[in-house]
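Structural description and commentary
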Amino acid sequence: MSLPYSEKLIKYFMHPKNVGEIEDADAVATEGSPACGDMVKLFLKVDEKTKKIKDIKFKSYGCASNIATASIITELAKDKKIEEAKNLSWKVAAEELGGLPPAKVHCAVLAVDALKTAIENYEFKKGLIKEKKSTTIEIIKNRLKHVINPITGVDVLKVDFIKSIDLNDGIVKIYFNLDSDHQFANNIREEIIERLEPLWDIKEVKVIFNDEEG
Amino acid sequence: MERREVYLDNNATTRVDDRVAEYMNHFHLTDYAVASSQFSHIPGIRAKDAVDNARGIIANTLNAEQEEIIFTSGDTESNNLTLNGVIEGNKDKQKKKILVSKIEHFSVLDTAKRLAKKGYAVDFINVNNEGFIDLNHLEDLIDESTLIVSVMHGNHEVGTLQNLKSISEIVHKYGSLFHSDATYSYLQVPIDVNDIGVDLLTLSADKVHGPKGVGALYIRKGTPIIKIMEGGYQEYNIRPGVENVPGIAGFGKACEIYNDEETNKIKNLRNYLYSTIKSKIDRVSLNGASDFNKRIPNNLNVSFDYVEGESVVLHLDMRGISVITGSACFSRSLHASHVLLAMGFSHERAHGSIRFGLSKYITKEDIDYTVYHVNEVVENLKNLSPLTKS
């Protein structure tokens, strides 16, 4: 029988670790939204001296991949220094779980993003980073690396889906080399908006497909 | 509770009845000839008789004439044949508008969208929050240029049954054709094509304990329609290709043995399923018609707050229970259910929706087992969810 998930992923899905909330958390981050069907909320407790993650807990609204990756990410991050934990990637999480179906990679990305955002929130709170950076095309591209094409499981930048990116006065326009009636067009649009809208100085995100130009 | 296997995806497909399988086998192993001509050899005539016998049985269930039934490979083909074939057969060049409801199966919706790209005027009829067609909207959209209107009878996801007669009356005022996809309601709910006044009606064998890959299209005599595939002259020159004799014979057998008492039993079990879910689990919403007499008898669709459907489905699967969800995570296109969204509900409502489809093989013990596990799974996932409000 070929279930789409590895045995290990199913095990984590059935019995996730580090579930719950930390009441006096040093940092909290939420990524995703109920509208897109996936949401992870992550709680951190950090040792001020050693900068090690003492405790980490999560809550998840989402599918099996979402729950399982959130669980494994918390295990991987625990007892690590925040500098190290920041570098955890979705690929590491996916490998630990014995692979993910391409259409489900975006769920894994969410948990990794939540960890990164929680660490940034901690650093900002403790004065470890001074000011919020203005959004640049580079920052947008970095975020787009987390938008995964559900067919291939590869991010949308790698496969030349994006023709150009335009950033002007807080309005981002992304021109896509894809037609709007493509099977995953709506999905990719929602995903991109979801990734870029949380940036503090971005007012609007427009995703424009081939047949919508002009 | 002892583990059970409870198949509750009967709105997708059903188990073939043993009598159907046995009857079909005869046409695989013994009378396997092609039913091509009335002047054929004896084995060929036997095959033709089997096909015509099935045609007669199905015509009877609809109060139709035998010659008005065309066999196809299933509801997808019947729906494609309807829209494309009626366009092929249309001689009135003024008629170039197609209306379909927003909650149709993709075989209707996407065919309509493709025709729109080819230059036909296509519009989509709204439904209300219980999934009933907005008749005023239909009146707004329809005019003398409307060639065909397609509205399904029972909805495949939320089970809502349309009042086909009232739709048909509106459609015929404008001289348009009326098609209905009755795949999901057929035999569970009586259909009289003459009383309704429907011009084309889609059926599929696999929803009524018949085989997969066989369907039918009722075409009212005189309806202008031309075949959309080239080949032989089978099926009154509307659907070429060697007839699927075992499948067609099996479809006929499934209809012949279909038992209304069983439908009543299924309806009672479905009502029991809903009332026990409602009494055991907090924050459950019913999707589809609230008047249970206006639902397909074997269908229940509910949404659970704070939880995502794919997780519910997978947990239940591990416990031997087969259901599906309208969640984006579950679908091949990663889209949330277009039916629930058309009914005006949020993505969350779609993501948390679960469809239960019963059959004659389901017992009260199966339902008790199911509700026990649904309750446990939903509770566990609620504890995990950041959305749960305590």
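Note that the structure is a prediction, hence the values are computed from the model and not measured.

Analysis parameters
- What you see as residue numbers is a count from 1 along each chain, following the sequence as written.
- All chains are assigned letters beginning with A, and all ligands numbers beginning with 1, in the order in which they are written.
- Thresholds applied to this predicted model are a pLDDT of at least 70 for local features of residues and 80 or more for the giving and counting of side-chain atom pairs; totals over whole chains, interfaces and linings are not thresholded and use all residues.
- Think of it this way: build a C-beta for each residue from its backbone, and any pair within 7 Å is a contact.
- Counting from the N terminus, the helices are DSSP H or I runs at least four residues long and the strands are E runs at least two residues long.
- Under the scheme applied here, ten amino acids are nonpolar (Ala, Val, Leu, Ile, Met, Phe, Trp, Tyr, Cys and Pro), four are charged (Asp, Glu, Lys and Arg), and all others, including Gly, are polar.
- Every axis corresponds to a line fitted to the C-alpha atoms, with the helix fit spanning only the stretch in contact, and the corresponding angles, defined between N-to-C directions, vary from 0 to 180 degrees.
- In this scheme the crossing of two helices becomes right-handed for a clockwise turn of the near helix relative to the far one and left-handed for an anticlockwise turn of less than a right angle.
- Domain segmentation is taken from an automatic or database assignment of domains.
- Every residue carries a pLDDT, the predictor's confidence in it, which falls somewhere between 0 and 100.
- If DSSP finds at least two bridges between two strands, the strands pair.
- In what follows, roughly perpendicular refers to angles from 65 to 115 degrees, roughly parallel to angles under 35, roughly antiparallel to angles over 145, and oblique to any angle outside these ranges.
- The term nonpolar core refers to a set of buried Ala, Val, Leu, Ile, Met, Phe, Trp, Tyr and Cys residues connected through C-beta atoms within 7 Å.
- Counting other C-beta atoms within 10 Å of each residue's C-beta, where C-beta atoms are placed from the backbone, gives the exposure class: buried for 20 or more, exposed for 12 or fewer, partly exposed between.

So, about the interface of chain B and chain A. Interface size is commonly expressed as the accessible area that is lost once the parts come together. Taken residue by residue, the interface counts 21 residues in chain B and 22 residues in chain A. Elements represented by at least two residues in the side of chain B that touches chain A include exactly α11 (309-318) and α13 (347-351) of chain B. Within the side of chain B that touches chain A, the residues separate by chemical class into 10 nonpolar, 8 polar and 3 charged.

Residue and element names in this part refer to chain A. With their axes 8 Å apart at the nearest point, helix α2 (residues 64-77) and helix α5 (residues 105-125) run at an angle of 35° to one another. You can see that α2 and α5 cross each other, and the crossing is right-handed. The residues of α5 that touch α2, namely those facing S65, N66, T69, A70, I73 and A77, are C107, A108, L110, A111, V112 and L115. A class-by-class count of the residues in the contact of α2 with α5 yields 9 nonpolar, 3 polar and no charged.

Residue and element names in this part refer to chain B. By the assigned domains, chain B splits into domain 1 (6-15 + 259-384) and domain 2 (31-257). For domain 1 versus domain 2, the separation of C-alpha centres amounts to 28 Å. Among the secondary structure elements, those contributing two or more residues to the side of domain 1 that touches domain 2 are β10 (299-304) and α12 (338-342). The class makeup of the residues in the side of domain 1 that touches domain 2 is 6 nonpolar, 14 polar and 4 charged.

Low pLDDT means the predicted atomic positions in that stretch should not be read closely. Confidence in the prediction of chain A, expressed as mean pLDDT, is 85, and 93% of residues score 70 or more. Confidence scores differ between elements of chain A, with helix α7 (residues 185-196) of chain A showing the lowest mean pLDDT of 78 and strand β3 (residues 53-61) of chain A the highest of 95.

Residues and elements named next belong to chain B. Spatially, 4 strands are ordered β9-β10-β13-β12 in an open sheet, and the strand pairing comes out antiparallel. Of all the strands in the sheet, the pair left with one neighbour each is β9 (284-286) and β12 (324-325). Contacts from helix α10 (residues 260-280) reach β9, β10 and β13 (353-357) within the one sheet, and its direction differs from that of β10 by about 15°.

To continue, consider the packing of helix α3 (residues 75-89) of chain B against helix α4 (residues 106-117) of chain B. Residue and element names in this part refer to chain B. Two elements in contact, α3 and α4, have axes separated by 9 Å at closest approach and are oriented at 30°. Of the possible angle classes, the one that applies to α3 and α4 is roughly parallel. In this structure, α3 meets α4 at a crossing whose hand is right-handed. Note on element contacts: α4 touches α3 through S107, V108, T111, A112 and L115, opposite D75, T76, N79, N80, L83, N84 and I87. A class-by-class count of the residues in the contact of α3 with α4 yields 5 nonpolar, 6 polar and 1 charged.

For chain A, the domain assignment lists domain 1 (7-125) and domain 2 (137-212). Placing the centre of domain 1 of chain A and that of domain 2 of chain A at their C-alpha centroids yields a distance of 24 Å.

Bringing the nonpolar core into the picture now. Counting residues in hydrophobic clusters, the biggest one holds 149 residues, and the most contacted among them are A93(A), A108(A), A111(A), L115(A) and Y218(B). At 12 residues, the largest contribution of residues to this core is made by α5(A). Discounting chain neighbours no more than four positions away, the residues touching A108(A) are S65(A), T69(A), W90(A), A93(A), A94(A) and L100(A). Within the second largest apolar cluster, 12 residues are counted, among which are V172(A), F176(A), I188(A) and L196(A).

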